[in-house]
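In case you want the letters, here they are:
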Amino acid sequence: MIRKLFFSFVGIVSFVSTSNAQFEICNTSETIPELKLSLCAVVKTPLFHEPGKEETIDLFIRKFPAKEKREGSIWLIAGGPGESGASFYPLITKFKEIFPHLDIIVPDHRGTGASSKICPEQESLESANGIALANDEWGPCFGQMFGNIPYTQAFSITNAAKDLGILINNLSGEGKRYIYGVSYGTQLVLRLMQQNMVKVDGVLLDSLVPLQDDGDFDLSKRSQVTDKVGRMVLNSFDTINPKGVNLASRLEKLIERSQSDKKFAEQILGQNLSSILGMMLDIPDARNRLPSIIEGLEKNDFKVLNDVVQDITNFYKDYGSKYDTSPSSIPLVQIITASENNLRPGMKKVDVVEEAKGLLFTSPLPNLIAENKMPTYQRDQYFATIPQKMPPTLIFQGTLDPKTDYDGAVRHVKKLSKVGEVTLVSVTDAPHFVALFAQNSFAKIAAEFIEGKSITQTIVNDEYVALKK
């Protein structure tokens, strides 16, 4: 659907620079309810942001005009780093309710969605598998990356932040300006703040990334973070409903069995049990069924496990399947991760396997980034530093976030608090992406922040993310 909408728009409005860009109706026949009446722009920004280099890339931006009397704008910055602005489309109706007086502006940052890609041909909306790479497109994509290394290296966090600065300064319109970022989007927003390119009235950060030099929580340690949170979840369930041997000890035996009993392993969808369980920590409904999964597996009953896996599959399918620009850009993830967010670039896949021993919950990410041979870019002066000054900032962090660890976020907040008015809202038991899973709590406090009210509720108990058995 987005493919048709995007190209219909391009057929009407020519590509323009940010200096004279204007939003136009994306498509008069648009049928996706949450996208109706949205406006679009495709603008050109510098590829390199360096003097003497004139090559440009195209950036796609979608705007949702304010529901009520307009007072300004808020920019929604997606995570990933490979996710496009489409990751916010299912939440747009909710965001309109939270920020009725603000234009909501959602860019596809460089390398994602309908913006210019690292592999322009293979990641095209018109390619065989859309912007997601098909199996036979990986080879040509790698050829593109290594065949034009300067172009590939230009897809950095710093350049993406400079894009964002240009867009905000030219497309925000009059009135107050706010920025919301989630996950990697928090890193991109903070990189923008480091460059001191824009003036904003407030920043909202959801699921804050750790400091780049925090060796306890960088991406190579994702399985350790996931396991830590998983064990916290099991301990909480033991407290809620004490029942003989604790759940962690029982699960440990099941993990060992899955590695030694071939018939048992075959019943677990042929996958690593700890990795399957790790992905359940992202979704409260799935996470709440862990005790039942353990009880079932102890009886050789795989139904609950299989049902939960299917529910997770359906959740992600329903969340973004109708948007052609939803698939994440794996090349962009690989480039940025290898260049800046992996503190152990020499790590081997055998090391990942060794470190995973004894873990009950794991993530596939460390294995994916190990032995990465991408044409990385050089870290610049912004790496592992913080902005010189922060505008009023509100940070939402789930205490059971298996991706951006709560303790890592607290460490980051302490440093940011030295350069501005920063408020941390801890959402008890919330996983990653508070605005999605604890919507009511997020809505209430975010609205108060935009209205200029003092945030007094810094520890939040939200029924939608509470651990239940």
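This structure is a prediction, so every number in the text was calculated from the model and none was measured.

How each quantity is defined
- Residues numbered from 1 in each chain as written.
- Predicted model: local features only at pLDDT ≥ 70, side-chain atom pairs only at ≥ 80, totals over all residues.
- Heavy atoms only, no water.
- Buried < 20%, exposed > 50% of the residue type's maximum accessible area, 1.4 Å probe, protein only.
- Helix = DSSP H or I, 4+ residues; strand = E, 2+ residues; numbered from the N terminus.
- Contact = heavy atoms within 4.5 Å.
- 1 Å grid on protein atoms, 1.4 Å probe; cavity = no way out; pocket = protein on both sides within 12 Å on 5 of 7 lines; lining within 4 Å.
- Points joined across faces, edges and corners; volume = space filled by probe spheres on them.
- Nonpolar A, V, L, I, M, F, W, Y, C, P; charged D, E, K, R; others polar.
- Phe/Tyr/Trp six-rings, centres within 6.5 Å; stacked < 30°, edge-to-face > 60°.
- Core = buried A, V, L, I, M, F, W, Y, C linked by side-chain atoms within 4.5 Å.
- Polar contact = N/O pair within 3.5 Å; in protein donor to acceptor, adjacent residues only side chain to side chain.
- Expected span 1.5 Å × (residues − 1).
- Axes fitted to C-alpha atoms, helices over the stretch in contact; angles between N-to-C directions.
- Parallel < 35°, antiparallel > 145°, perpendicular 65-115°, else oblique.
- Pairing = 2+ DSSP bridges.

### So, helix α12 (residues 290–298)
Right, on to step 1. Three or more residues of α12 are buried, namely Leu290, Pro291, Ile293, Ile294, Gly296 and Leu297.
Right, on to step 2. Buried residues in α12 make contact with α7 (222–240), α8 (247–260), α9 (262–266), α10 (273–280), α11 (284–287) and α13 (303–320).
Right, on to step 3. Note on α12: the residue one or two positions beyond its end, Asn300, has a positive phi of about 60°.

### Structural notes on the layout of surface pockets
Right, on to step 1. Its volume calculated, the second largest pocket comes out at about 420 Å³.
Right, on to step 2. Elements represented by at least two residues in the lining of the second largest pocket include exactly α7, α8, α10, α15 (349–356) and α16 (365–369).
Right, on to step 3. For the lining of the second largest pocket, a count of residues per class yields 9 nonpolar, 11 polar and 4 charged.

### A short note on the environment of Phe361
Right, on to step 1. Among the structural elements, Phe361 can be located in the loop between α15 and α16.
Right, on to step 2. Separated by 130 residues in sequence, Phe361 and Arg231 place their C-alpha atoms 8.1 Å apart.

### Points about the packing of aromatic side chains
Right, on to step 1. Under the counting rule described, the total for this entry stands at 15 aromatic pairs.
Right, on to step 2. Consider the rings of Phe264 and Phe302, whose centres lie 5.3 Å apart with planes at 55°: the pair is tilted. Linking Phe264 in helix α9 with Phe302 in the loop between α12 and α13, this pair joins segments that are 38 residues apart in sequence. The same class applies to Phe264 as to Phe302, namely buried.
Right, on to step 3. Pairing Phe396 with Phe442 gives two aromatic rings, centres 4.7 Å apart and planes at 50°, and the pair type is tilted.

### Comments concerning empty space enclosed by the protein
Right, on to step 1. All told, the structure shown has 4 cavities of 30 Å³ or more when counted by the stated rule.
Right, on to step 2. What the largest cavity holds in volume is close to 140 Å³.
Right, on to step 3. Looking at the largest cavity, it is lined by 14 residues, and the ones nearest its centre are Gln187, Leu190, Gln212, Thr385 and His412.
Right, on to step 4. Here the element with the most residues in the lining of the largest cavity is helix α6 (residues 184–195); it accounts for 4 residues.
Right, on to step 5. Classifying every residue of the lining of the largest cavity by side-chain character gives 8 nonpolar, 5 polar and 1 charged.
Right, on to step 6. Taken together, Leu59, Ile77, Pro107, Asp108, His109, Arg110, Ala160, Asp163, Leu164, Leu167 and Leu188 make up the lining of the second largest cavity.
Right, on to step 7. Among the secondary structure elements, those contributing two or more residues to the lining of the second largest cavity are β6 (102–108) and α5 (157–171).
Right, on to step 8. Counting residues per element, the lining of the second largest cavity draws most heavily on α5, which supplies 4 residues.

### Thoughts on the nonpolar core
Right, on to step 1. Residues Phe95, Tyr180, Met280, Leu290 and Phe433 are the most contacted members of the largest nonpolar core, which totals 82 residues.
Right, on to step 2. By residue number, the principal contributor to this core is helix α19 (residues 439–450), which donates 7 residues.
Right, on to step 3. Beyond its immediate chain neighbours, meaning those up to four positions away, Tyr180 contacts Ile74, Trp75, Leu76, Ile77, Phe88, Phe95, Leu204, Asp206, Phe433, Ala435 and Phe442.
Right, on to step 4. Grouped together as the second largest cluster of nonpolar side chains are 52 residues, Val43, Leu59, Phe155 and Leu424 included.

### A closer look at the side chain of Asn288
Right, on to step 1. With respect to the helices and strands, Asn288 occurs in the loop between α11 and α12.
Right, on to step 2. There is a polar contact of 3.0 Å between the side chain of Asn288 and the backbone nitrogen of Lys468.
Right, on to step 3. In contact with Asn288, not counting residues within four places along its chain, are Phe237, Ala466, Leu467 and Lys468.

### Quick word on α7
Right, on to step 1. Between its first and last C-alpha atoms α7 spans 27 Å; for 19 residues at 1.5 Å apiece the expected length is 27 Å, and the two agree.
Right, on to step 2. Here α7 has its buried residues at Arg222, Ser223, Val225, Thr226, Asp227, Val229, Gly230, Val233, Leu234, Phe237 and Asp238.

### Describing the packing of α12 against α13
Right, on to step 1. Closest axis-to-axis distance for the α12/α13 pair is 7 Å, and the angle between their directions is 140°. Here α13 runs oblique to α12, going by the angle between their axes. Between α12 and α13, the contacting residues are Ser292, Ile293 and Leu297 on the first element and Val304, Leu305 and Val308 on the second.
Right, on to step 2. When the residues that make up the contact of α12 with α13 are grouped by side-chain class, the tally is 5 nonpolar, 1 polar and no charged.

### Quick word on the pairing of strand β8 (residues 202–206)
Right, on to step 1. β8 sits mainly inside the fold: 5 of its 5 residues count as buried.
Right, on to step 2. The side-chain alternation of β8 yields two buried faces, one formed by Gly202, Leu204 and Asp206 and the other by Val203 and Leu205.
Right, on to step 3. Here 5 bridges tie strand β7 (residues 176–182) to β8, and the two strands are oriented parallel to one another. Directly across from Ile179, in β8, lies its bridge partner Val203.

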